[in-house]
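# Understanding the architecture of this molecule
Given next are the chains, with one letter for each unit.
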Amino acid sequence: MKTLILLRHGKSEDPSLLKSDFKRGLKQKGIDDIEKVCHHFKALGYSPDKVLCSTARRTRETFDEFSKHYPSSIPVEYIDNLYHASASKILEYINKNIYTLDCLMVVGHNFGISKLAEYLCIGGCEDLSTSGMVIIQFDDLIEPGLGTKLHYIKPKLI
């Protein structure tokens, strides 16, 4: 069995002409929502073996907030090409990593992260809100339409 966790970054600063999109950080609401999602996630008993994270500031800050709630460090690989990556590009990075792991997390951006969840889950999956998370389980290979959506965690529903 393989478990894939897809996490969309927390609520970020509003777009500005003075700051590039890549450099936008989290708002306090984003920090608070990630904390709620993390507590709920931990209560479910999951712990990723590795995290793939976009190098954008808001995704790095999302993972930093998330990881504060784990006693041991989770190995993380920051990947430039996950910034606004398509679903197919994200899946390429997943498939390069998942074979040696039981549980992999990806911290990314819409629309790619939501499209990937939709693409992988049997019966689809609703779009991920900011700080939204979906936990998907696969018997073996991570392929389109073969994933069972175990949990959909949305801050407004916690």
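Figured I'd write up the structure that's included with this text. As the structure is a computational prediction, the values presented were derived from the model and not from experiment.

Below, the discussion takes up the side chain of Arg24. On the secondary structure map, Arg24 appears in the loop between β1 (2-8) and α1 (28-43). A polar contact of 2.8 Å, which involves the side chain of Arg24, links it to the side chain of Asp21. Those residues in contact with Arg24 that sit more than four places away from it in its chain are Ser12, Glu13, Asp14, Pro15, Lys19, Arg57 and Arg58.

In this section: the pairing of strand β2 (residues 50-54). For β2, the tally of buried residues reaches 5 of 5 residues, placing the bulk of the element in the interior. A two-sided burial pattern is seen for β2, the buried positions comprising Lys50, Leu52 and Ser54 on one face and Val51 and Cys53 on the other. Bridging between β2 and strand β4 (residues 103-108) involves 4 bridges; their strand directions are parallel. Along β4, the bridge assignment pairs Cys53 with Val107. Examined bridge by bridge, β2 and strand β3 (residues 76-79) share 4 bridges and lie parallel to one another. Across the sheet, Leu52 pairs through a bridge with Glu77, a residue of β3.

Along the chain, the position of Leu4 falls in strand β1. Expressed as a C-alpha distance, the spacing of Leu4 and Val134, which sit 130 residues apart in the sequence, is 8.2 Å.

Once that is clear, we can look at the state of the cysteines. Per the counting criterion, the structure on display carries 0 disulfides. The thiol of Cys53 is not disulfide-bonded; the next cysteine sulfur, from Cys38, is found 14 Å away. Cys103 forms no disulfide, and the closest cysteine sulfur to it belongs to Cys38, at a distance of 13 Å. Exposure remark for Cys103: the relative accessible area of 7% places this residue in the buried category.

Before going further, it helps to examine the sheet that holds β4. One open sheet accounts for 6 strands, arranged β3-β2-β4-β1-β5-β6; its pairing is mixed. Single-partner strands in this sheet number two, and they are β3 and β6 (148-153). Between one strand axis and the next, the sheet turns through 15° on average, direction left out of account. Bridge analysis of strand β5 (residues 133-138) against β6 gives 5 bridges, and the strand direction is antiparallel. Within β6, the residue paired with Gln137 across the bridge is Thr148.

Each value, and the rule that gives it
- Residues numbered from 1 in each chain as written.
- Predicted model: local features only at pLDDT ≥ 70, side-chain atom pairs only at ≥ 80, totals over all residues.
- Heavy atoms only, no water.
- Helix = DSSP H or I, 4+ residues; strand = E, 2+ residues; numbered from the N terminus.
- Polar contact = N/O pair within 3.5 Å; in protein donor to acceptor, adjacent residues only side chain to side chain.
- Contact = heavy atoms within 4.5 Å.
- Buried < 20%, exposed > 50% of the residue type's maximum accessible area, 1.4 Å probe, protein only.
- Pairing = 2+ DSSP bridges.
- Disulfide = S-S within 2.5 Å.
- Axes fitted to C-alpha atoms, helices over the stretch in contact; angles between N-to-C directions.

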